[in-house]
Amino acid sequence: MIPVLSLLASGLLLSQQPPAAPSVEATLPAETPASPGAPAPPEPPPTLTLGQAVAQALEHNDQLLAARDGVVRAQLGLKLARSAFHPKVVPNILGSFGQTDVSNQTYRVDVVQKLTTGTELRASVGTSSAQNQIGNYYNADTTIELSQPLLRGFGRTVARRGLTSAEVQIADAYRQRTLTQRQVVLQVASAYYQLVAQTQLAAVAEKGLERARRLVEASTAKMEIGKVSQLDVYRAQQLAAQSEAQLLDARGAVEDAREQLCFLMGRAPEAAFAVAGEIPGESETLDPATAVEVALSHRPELESAQAAVAEAERTASYARNQLLPQLDLNLALTRRQTANSFASSFGLNDFRFATFFAISMPPDLAAQSIQLQTAALDRGLRQRELETLKRRIADETRRALRQQARLEKSLELADASVDFAQKEVEVADLRYQRGLSNNLDVVTAENGLLQAQS
């Protein structure tokens, strides 16, 4: 678990797979010797490496599937926001079939193009039929108009606000997917090594049960010849019962760890596979300054916080722009005339150039003022959250390095404790076999060995 803690603090994925080790069955097989006439034993299940487990989780994990759906939704939102700046062609036709002398027939096509600078181009070509006492005629209207806001709505920041927000959302969706991938990788690594550890603990408990049963047999045989008392047999039987209970607990923990790993990989709980037999003890040690620098440059949540600060700044700028009066400059090239026929309604002659302004200044700007103040407060909040997140990431990184150092030392002490416990069992068993002591020392040494191995 040492590399996992270090990677969690620095925000890095597991880039290298552990070295191959002999496989250990995920569930303890029953030890039944094959008889000469018995059928051949089934083939062992395939060994699942950590890399294969991670690959399956990245493909089938429910969290990642949800994160990918979030990316797709953000892409659809971006597509919708971009469509606001695509040309819009709107035909509007209301005509009769076969009767050309019917009035109020309309033939019109509007084309609108909005630019990210706030400029809007509009072209309208159309005509409508009318009728009076003299006869039928057509009202032709062809207009090319350009509208440019000069105060409210001016500039790319205001005009493309919806598009910018969609781009921010899709970038955040990608970061959330990356963060989910890293979390799933760490969860799979933790569950994988938990299964390896529980499998090893079950094997240790099984060996402990075998030694306890041998001790029961030896104590019973010695009691029959009068070398030990009934108390020695009771102690040996109690040790065997405790060992059997520990074996049952260990096997249950193996099944729990196996189901957890299958759930993370998106596989059925009854899937057959074996896992590697050892947990690699190698770990990379970084100095605190380098580790903090790596963490601050690779954590997706920090990038999201920085993007939130930038979005809050854009919101405040937009709210500030909404306090300005509405002043739009409009330039139009128009052709409006009466034609005697449908064909003569359309032409390139008699165009006139027109310039006009649109001015609007509402007397009550309380809503816009409150919106600006709220945006300023939110901007300050986002900045404080960013600074707090940086400090928290730095603290987590340094704390993970200290924990890694403590765990490495604990592993060294645990190895020494197991060696000492094994020697103590050997000495206690030898003294008991030679009649120098009762089996109390053996029972105590066996319990100490089981605890040390666990």
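Residues numbered from 1 in each chain as written. Predicted model: local features only at pLDDT ≥ 70, side-chain atom pairs only at ≥ 80, totals over all residues. Heavy atoms only, no water.

Could you clarify how one ought to interpret the sheet that holds strand E5 (residues 120-131) in this entry?
For sheets, the rule is that strands pair by backbone hydrogen bonds, running either parallel or antiparallel. As summarised here, the arrangement of the six strands in space is E3-E4-E5-E6-E8-E9, forming an open sheet in which the pairing is antiparallel. Two strands in the sheet have a free side with no partner beyond their single neighbour: strand E3 (88-94) and strand E9 (352-360). Looking at each pair of strands side by side, their axes are set apart by 20° on average, direction ignored. Pairing of E5 with strand E6 (residues 136-149) involves twelve bridges; the strand directions are antiparallel. Across the sheet, the residue bridging to Val 125 is Thr 142, located in E6. (Pairing = 2+ DSSP bridges. Helix = DSSP H or I, 4+ residues; strand = E, 2+ residues; numbered from the N terminus. Axes fitted to C-alpha atoms, helices over the stretch in contact; angles between N-to-C directions.)

Help me understand the packing of aromatic side chains, please; the structure alone is not making it clear to me.
To describe a pair of aromatic rings, you give the distance between the ring centres and the angle between the ring planes. Inspection of the entire model under this criterion finds one aromatic pair. Across the ring face of Phe 273, the terminal group of Arg 258 is positioned such that the distance to the ring centre comes to 4.3 Å. (Phe/Tyr/Trp six-rings, centres within 6.5 Å; stacked < 30°, edge-to-face > 60°. Lys NZ or Arg CZ within 6 Å of the ring centre and 35° of its normal.)

How should the pattern of salt bridges be read in this particular structure?
Side chains carrying opposite charge are able to pair once their charged atoms draw close together. With the rule as written, the count across this model stands at 15 salt bridges. Here Glu 167 ties to Arg 160 by a salt bridge, and the two come within 3.2 Å at their closest N and O atoms. You can call Arg 160 buried: its relative accessible area is 14%. Taking the shortest distance from any N to any O, the salt bridge between Glu 396 and Arg 299 comes out at 3.5 Å. Of this pair, Glu 396 sits in helix H9 (residues 366-433) while Arg 299 sits in the loop between helix H7 (288-298) and helix H8 (300-321), and the two are 97 residues apart along the sequence. The class for Glu 396 is partly exposed, based on a relative accessible area of 23%. A relative accessible area of 7% places Arg 299 in the buried class. (Salt bridge = Lys/Arg side-chain N within 4 Å of Asp/Glu carboxyl O. Buried < 20%, exposed > 50% of the residue type's maximum accessible area, 1.4 Å probe, protein only.)

Would you mind showing me how to read H7 here?
Residues spaced three or four apart along an α-helix face the same direction, because each turn holds 3.6 residues. For H7, the complete set of buried residues consists of Ala 291, Val 292, Val 294 and Ala 295. Buried positions in H7, seen along its axis, are confined to an arc of 165° and lie on one side of it. Structural note: H7 exposes Ala 289 and Glu 293 on the side pointing more than 90 degrees away from its buried face. (Arc of directions from axis to C-beta.)

Would you mind going over the side chain of Thr 127 with me for this structure?
Mapped onto the elements, Thr 127 comes out in strand E5. For Thr 127, a relative accessible area of 3% corresponds to the buried category. Among the polar contacts listed, one links the side chain of Thr 127 to the backbone oxygen of Asn 139, at a separation of 3.3 Å. Ignoring sequence-local partners within four residues, the contact set of Thr 127 consists of Gln 105, Thr 106, Tyr 107, Tyr 138, Asn 139, Ala 140, Phe 342, Ser 345 and Phe 346. (Polar contact = N/O pair within 3.5 Å; in protein donor to acceptor, adjacent residues only side chain to side chain. Contact = heavy atoms within 4.5 Å.)

Looking at this structure, I do not really get the packing of helix H5 (residues 161-224) against H8. What am I missing?
The description of two helices packed together rests on the angle between their axes and the distance between the axes. Direction vectors running N to C along H5 and H8 enclose 165°, while the axes themselves pass 10 Å from each other. Relative to H8, the element H5 is oriented roughly antiparallel. Of the two elements, H5 crosses H8, and the hand of that crossing is left-handed. Taken together, the residues of H8 that come into contact with H5 (itself represented by Arg 161, Thr 164, Ser 165, Val 168, Asp 172, Arg 175, Gln 176, Thr 178, Leu 179 and Arg 182) are Pro 300, Glu 301, Glu 303, Ser 304, Ala 307, Glu 311, Arg 314, Thr 315 and Tyr 318. (Parallel < 35°, antiparallel > 145°, perpendicular 65-115°, else oblique. Left-handed = near helix turned anticlockwise from the far one by under 90°.)

Any chance you could explain the packing of helix H3 (residues 62-83) against H5 here in plain terms?
At a closest axis distance of 9 Å, the pairing of H3 and H5 adopts a crossing angle of 170°. Between H3 and H5, the angle falls in the class roughly antiparallel. Partitioned by chemical class, the residues of the contact of H3 with H5 number twelve nonpolar, nine polar and four charged. (Nonpolar A, V, L, I, M, F, W, Y, C, P; charged D, E, K, R; others polar.)

So what exactly am I meant to see when it comes to a nonpolar patch on the surface here?
A cluster of nonpolar side chains, Val 89, Val 109 and Val 111, forms an exposed patch at the surface whose accessible area comes to about 210 Å². If you trace the backbone, Val 89 turns up in strand E3. Overall, Val 89 belongs to the exposed group, its relative accessible area being 54%. (Patch = residues over 30% accessible without salt bridge, like charges linked within 9 Å, V, L, I, M, F, W, Y side chains within 5 Å. Areas by Shrake-Rupley, 256 points an atom, 1.4 Å probe, with all protein chains shown as cover.)

Quick question: what am I supposed to make of the nonpolar core here?
Most often, soluble globular proteins have nonpolar side chains that are buried together. Residues Val 188, Tyr 192, Leu 195, Leu 261 and Phe 273 are the most contacted members of the largest nonpolar core, which totals 30 residues. Those elements that place two or more of their residues in this core are helix H2 (50-60), H5, helix H6 (230-265) and strand E7 (274-276). Among the elements that make up this core, the one with the highest residue count is H5 (twelve residues). Counting residues in each nonpolar core, the second largest holds 15 residues, with Leu 215, Ala 421, Val 443 and Leu 449 among its members. (Core = buried A, V, L, I, M, F, W, Y, C linked by side-chain atoms within 4.5 Å.)

How do you make sense of the confidence of the model for the chain when you look at a structure like this?
Caution applies to low-pLDDT parts of the model: their predicted coordinates are not meant to be read in detail. When pLDDT is averaged along the chain, the result is 81; 87% of the residues meet or exceed 70. This model gives residues 1-34 a pLDDT under 50, and the stretch forms 82 contacts once residues within four places in sequence are excluded. (pLDDT = per-residue confidence, 0-100.)

Explain the pairing of E6 here, please?
Walk down a regular strand and you will see the side chains alternate between the two sheet faces. As paired elements, E6 and strand E8 (residues 326-339) share twelve bridges and run antiparallel to each other. If you follow Thr 142 over to E8, its bridge partner there is Arg 335.

What should I look at first to understand unusual backbone geometry in this one?
Leaving glycine out, the prevailing phi sign among residues is negative, and the prevailing peptide bond configuration is trans. Positive phi outside glycine occurs at Asp 350, with the angle close to 60°. Relative to the assigned elements, Asp 350 resides in the loop between E8 and E9.

Can you walk me through the environment of Glu 282 in this structure?
As for its placement among the helices and strands, Glu 282 is situated in the loop between E7 and H7. Given a relative accessible area of 54%, Glu 282 falls into the exposed group. Here the alpha-carbon distance between Glu 282 and Glu 408, two residues 126 residues apart in the chain, equals 9.5 Å.

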